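Residue-level listing of the chains:
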Amino acid sequence: MDRRSVMFMMGLGAAAAALPVGVAGAEPVIGDSPPGPVDVVTPPEAAAPAPAFLFQEEFNGPAGAPPDPAWWHIVPARELIRNPNEWDKPFNMGRYVTDQEHVFQDGAGNLVIRATRGPGTTIQEKYASAKVVGLWRGAIGTTWEARVKLNCLTDGAWPAFWLVNEDPVRGGEVDLVEWYGNRDWPSGTTVHARLDGESFATNRHPIDSDWHTWRMSWMPTGMYFWKDYAPGMEPFFQVPANSLQDWPFNDPGYTLAPVFNIAVGGSGGREPAAGNYPAEMLIDWIRVFQG
């Protein structure tokens, strides 16, 4: 199985009801154009003349609160893999759960996604973590940024900040930052033009446990990536439009939704026994603006 194919069986789109964006508890519709216009999300305390954020989440809720259900869906279960290899069989993949221990705001301006180790004999029984999918989707001509700290770079963990469109014919994925606890695959940044893992471009990039801002500009000419952007900085990675087979990202009406998660086990994490748990991903904020 291709190293990336296991990431594309989320299965949320097929089971999602066609609910409006911003409905509490709604299943995400991770596909093309949102159902109706999307308002600019600029809370008064965060408003600024430039840039005007199309979507902004600062995670300033009280300690212990879940992410705002108007904007985030907590995935209730780990996706199953079609024709899995040994590492992608359910007993070798940790669970996704929705409880307060594993996904919560810390009261200090961060969303925390936590992976834990408990009793049991299989990885599925012993390890739990979380995954959140945004209910807002953005289109071409946007820049995406998130400030993230990965206190989870340990054996078995598989953290990522990524964007996805799950259309079964023209789906695609953009991994702004992804780290593999299997210590084998090249961690870094990847653009997937197909959901079967057969058309992609990747850039091996240093990943550590410090705070970093990961940025991607999605333009008609392609996708451009920065870590800790400053004015005038050149992107560390560029993927020109239509440079990959079956490139979907310039299709009319094409959109992407944000995802944060830590997976445990599976092909990307493999054996977590020697890892240090609990392990956490902290997200300070995510912001999307035009241009």
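Since the structure is predicted, the reported quantities are computational estimates derived from the model, not experimental observations.

Bringing the overall build of the protein chain into the picture now. When its secondary structure is counted, the protein chain shows 3 helices and 18 strands. Taking all 291 residues of the protein chain together, the buried fraction comes to 56%. Within the protein chain, contacts between residues separated by at least 24 positions form 71% of all contacts whose residues are at least 6 apart in sequence. Of the roughly 11700 Å² of accessible surface on the protein chain, a fraction of 53% belongs to carbon and sulfur atoms.

In this section: the pairing of strand β13 (residues 200–204). Covered by surrounding structure in β13 are Ala201 and Asn203 only, the residues Phe200, Thr202 and Arg204 on the alternate face being uncovered. Bridge count between strand β12 (residues 188–192) and β13: 5 bridges; the pairing is antiparallel. Counterpart to Gly188 in the pairing with β13 is Arg204.

In this structure, Thr154 sits in the loop between β9 (142–151) and β10 (157–165). Accessibility expressed as a relative area gives 7% for Thr154, which makes it buried. A distance of 2.8 Å separates a polar atom in the side chain of Thr154 from the backbone nitrogen of Asn276. Among all residues touching Thr154, those that are not within four sequence positions of it are Trp179, Gly181, Arg183, Gly275, Asn276, Tyr277 and Ala279.

Ranked by size, the top nonpolar core spans 52 residues in total, and within it Val174 and Phe260 carry the most contacts. In terms of residue count, strand β18 (residues 279–290) provides more of this core than any other element does, 5 residues in total. Of all hydrophobic cores here, the second largest spans 11 residues; its members include Trp158, Val164, Trp185 and Ala263.

Turning to the environment of Gly64, a few remarks are in order. Mapped onto the fold, Gly64 is located in the loop between β1 (53–57) and β2 (72–74). Separated by 48 residues in sequence, Gly64 and Val112 have C-alpha atoms that sit 9.6 Å apart. When neighbours within four sequence positions are excluded, Gly64 is seen to be in contact with Gln100, Phe104 and Gln105.

This paragraph deals with the packing of aromatic side chains. Applying the stated criterion across every chain yields a total of 19 aromatic pairs. Here a set of aromatic residues connected by ring pairs shows up, and it is made of Phe55, Phe59, Trp71, Trp72, Trp136, Trp144, Phe161 and Phe260. It is Arg78 that lies over the ring of Tyr96; its NZ or CZ is 5.4 Å from the centre. One cation-aromatic arrangement involves Arg287 over Trp285; the distance from NZ or CZ to the ring centre is 3.8 Å.

Before going further, it helps to spend a moment on unusual backbone geometry. In this model, Tyr277 is joined to Pro278 through a cis peptide bond whose omega is 10°. Phi angles above zero are rare outside glycine, and Asn83 is one such case at about 50°. Tracing the chain through its elements places Asn83 in the loop between β2 and β3 (95–96). Note on Asn83: relative accessible area 67%, which makes it exposed. One non-glycine residue with positive phi stands out, namely Arg183, at about 60°. Note on placement: Arg183 falls in the loop between β11 (172–178) and β12. Taking the relative accessible area as the measure of exposure, Arg183 reaches 53% and is therefore exposed.

What follows covers the pattern of salt bridges. Under the counting rule described, the total for this entry stands at 11 salt bridges. Between Arg114 and Glu280 there is a salt bridge whose closest N-O contact spans 2.6 Å. Remark: Glu280 occurs in strand β18 and Arg114 occurs in strand β5 (residues 111–117); sequence separation between them is 166 residues. Judged by its relative accessible area of 22%, Arg114 falls in the partly exposed class. Each of the salt bridges in this network shares a partner with another, and the network as a whole consists of Arg194, Asp196 and Asp246.

Criteria and cut-off values
Residues numbered from 1 in each chain as written. Predicted model: local features only at pLDDT ≥ 70, side-chain atom pairs only at ≥ 80, totals over all residues. Heavy atoms only, no water. Helix = DSSP H or I, 4+ residues; strand = E, 2+ residues; numbered from the N terminus. Buried < 20%, exposed > 50% of the residue type's maximum accessible area, 1.4 Å probe, protein only. Contact = heavy atoms within 4.5 Å. Areas by Shrake-Rupley, 256 points an atom, 1.4 Å probe, with all protein chains shown as cover. Pairing = 2+ DSSP bridges. Polar contact = N/O pair within 3.5 Å; in protein donor to acceptor, adjacent residues only side chain to side chain. Core = buried A, V, L, I, M, F, W, Y, C linked by side-chain atoms within 4.5 Å. Phe/Tyr/Trp six-rings, centres within 6.5 Å; stacked < 30°, edge-to-face > 60°. Lys NZ or Arg CZ within 6 Å of the ring centre and 35° of its normal. Salt bridge = Lys/Arg side-chain N within 4 Å of Asp/Glu carboxyl O.

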